[in-house]
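# Fold and geometry: a report
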Amino acid sequence: MGNKNNAGAERGWAKLLAITGLLLVMAATVLPLTGNRGDVFRYIYASGALLVFVGRLFNRCPSDSLRVRRLYRLEVWAGVVFCVGAFFLFYPFAGAMDWMAFTLAGGVIEAYASLMIPRVQSREGKK
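Presented here is a report on the structure given in the accompanying data block. All values reported here derive from a predicted model rather than from experimental measurement. (Residues numbered from 1 in each chain as written. Predicted model: local features only at pLDDT ≥ 70, side-chain atom pairs only at ≥ 80, totals over all residues. Heavy atoms only, no water.)

Check the secondary structure of the chain and you find five helices and zero strands. Reading the secondary structure of the chain in the N-to-C direction produces α-α-α-α-α. Taking as baseline every contact in the chain between residues at least 6 positions apart, the subset at least 24 positions apart corresponds to 73%. Carbon and sulfur atoms make up 65% of the accessible area of the chain, which amounts to about 8100 Å² in all. (Helix = DSSP H or I, 4+ residues; strand = E, 2+ residues; numbered from the N terminus. Contact = heavy atoms within 4.5 Å. Areas by Shrake-Rupley, 256 points an atom, 1.4 Å probe, with all protein chains shown as cover.)

Below, the structure is given as structure tokens:
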């Protein structure tokens, strides 16, 4: 019940949800760049952004470190940024590439957090 390994298994669905969402966002971003002119990519992107947000929101931080908790919270904000990008895909007065700017910003946040979390955790393990 209070086993730490079991707690990680209980929240594995949140990580899977976030990874699936990131893959959907990536696929939807590639579709218009390859010349596909349909509107399907908007719905794929929006569903992926929502999956990233929900997955990151329910992903629990395994560490008691303040810095690691902040990095996990930063990943939630990346999901919010992807959702704002999805909003601009459907907003009629948005520019043609506004959604792409938010996609890049969310990607940079995700990359930074995913690189820093293991680094900070390994440093704290040595102390």
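Having put the structure on the table, let's press on.
What follows concerns the layout of surface pockets. Here the second largest pocket defines a volume of roughly 250 Å³. Along the walls of the second largest pocket sit 13 residues, with Pro32, Phe41, Ala96, Met97 and Trp99 positioned nearest its centre. Among the secondary structure elements, those contributing two or more residues to the lining of the second largest pocket are helix H2 (12-33), helix H3 (40-58) and helix H4 (66-90). (1 Å grid on protein atoms, 1.4 Å probe; cavity = no way out; pocket = protein on both sides within 12 Å on 5 of 7 lines; lining within 4 Å. Points joined across faces, edges and corners; volume = space filled by probe spheres on them.)

Below, the discussion takes up the packing of aromatic side chains. Tallied over the full model, the rule gives nine aromatic pairs. Relative to Trp99, the ring of Tyr45 lies with its centre 5.7 Å away and its plane at 80 degrees, an arrangement referred to as edge-to-face. Taken together, the residues Tyr45 in helix H3 and Trp99 in helix H5 (residues 98-126) connect sequence positions 54 residues apart. There is no split in this pair, since Tyr45 and Trp99 are both buried. The rings of Phe87, Phe88, Tyr91, Phe93 and Phe102 are connected pair by pair, giving a single aromatic cluster. (Phe/Tyr/Trp six-rings, centres within 6.5 Å; stacked < 30°, edge-to-face > 60°. Buried < 20%, exposed > 50% of the residue type's maximum accessible area, 1.4 Å probe, protein only.)

With that settled, the discussion passes to the pattern of salt bridges. In this structure the tally under the stated criterion is three salt bridges. In this structure, the salt-bridge partner of Arg42 is Asp39, at a minimum N-O distance of 3.8 Å. Here Arg42 falls in the partly exposed class, since its relative accessible area comes to 27%. On the basis of relative accessible area, Asp39 is assigned to the partly exposed category, the value being 45%. A salt bridge links Glu75 to Arg56; the shortest N-O distance between them is 3.6 Å. One end of the pair, Glu75, is in helix H4; the other, Arg56, is in helix H3, and 19 residues separate them in sequence. The two residues Glu75 and Arg56 agree in class, both being buried. (Salt bridge = Lys/Arg side-chain N within 4 Å of Asp/Glu carboxyl O.)

Nonpolar side chains collect at one region of the surface, where Ile19, Leu23, Met26 and Val30 lie side by side and expose about 380 Å² of accessible area between them. You can see Ile19 is positioned in helix H2. (Patch = residues over 30% accessible without salt bridge, like charges linked within 9 Å, V, L, I, M, F, W, Y side chains within 5 Å.)

Packing of H2 against H3 brings their axes to within 7 Å, and their N-to-C directions diverge by 155 degrees. Comparing their axes, H3 and H2 come out roughly antiparallel. Where H2 crosses over H3, the handedness of that crossing is left-handed. When grouped by side-chain class, the residues that make up the contact of H2 with H3 number 18 nonpolar, six polar and one charged. (Axes fitted to C-alpha atoms, helices over the stretch in contact; angles between N-to-C directions. Parallel < 35°, antiparallel > 145°, perpendicular 65-115°, else oblique. Left-handed = near helix turned anticlockwise from the far one by under 90°. Nonpolar A, V, L, I, M, F, W, Y, C, P; charged D, E, K, R; others polar.)

From the geometry alone we can't say anything about function, so treat these as descriptive.
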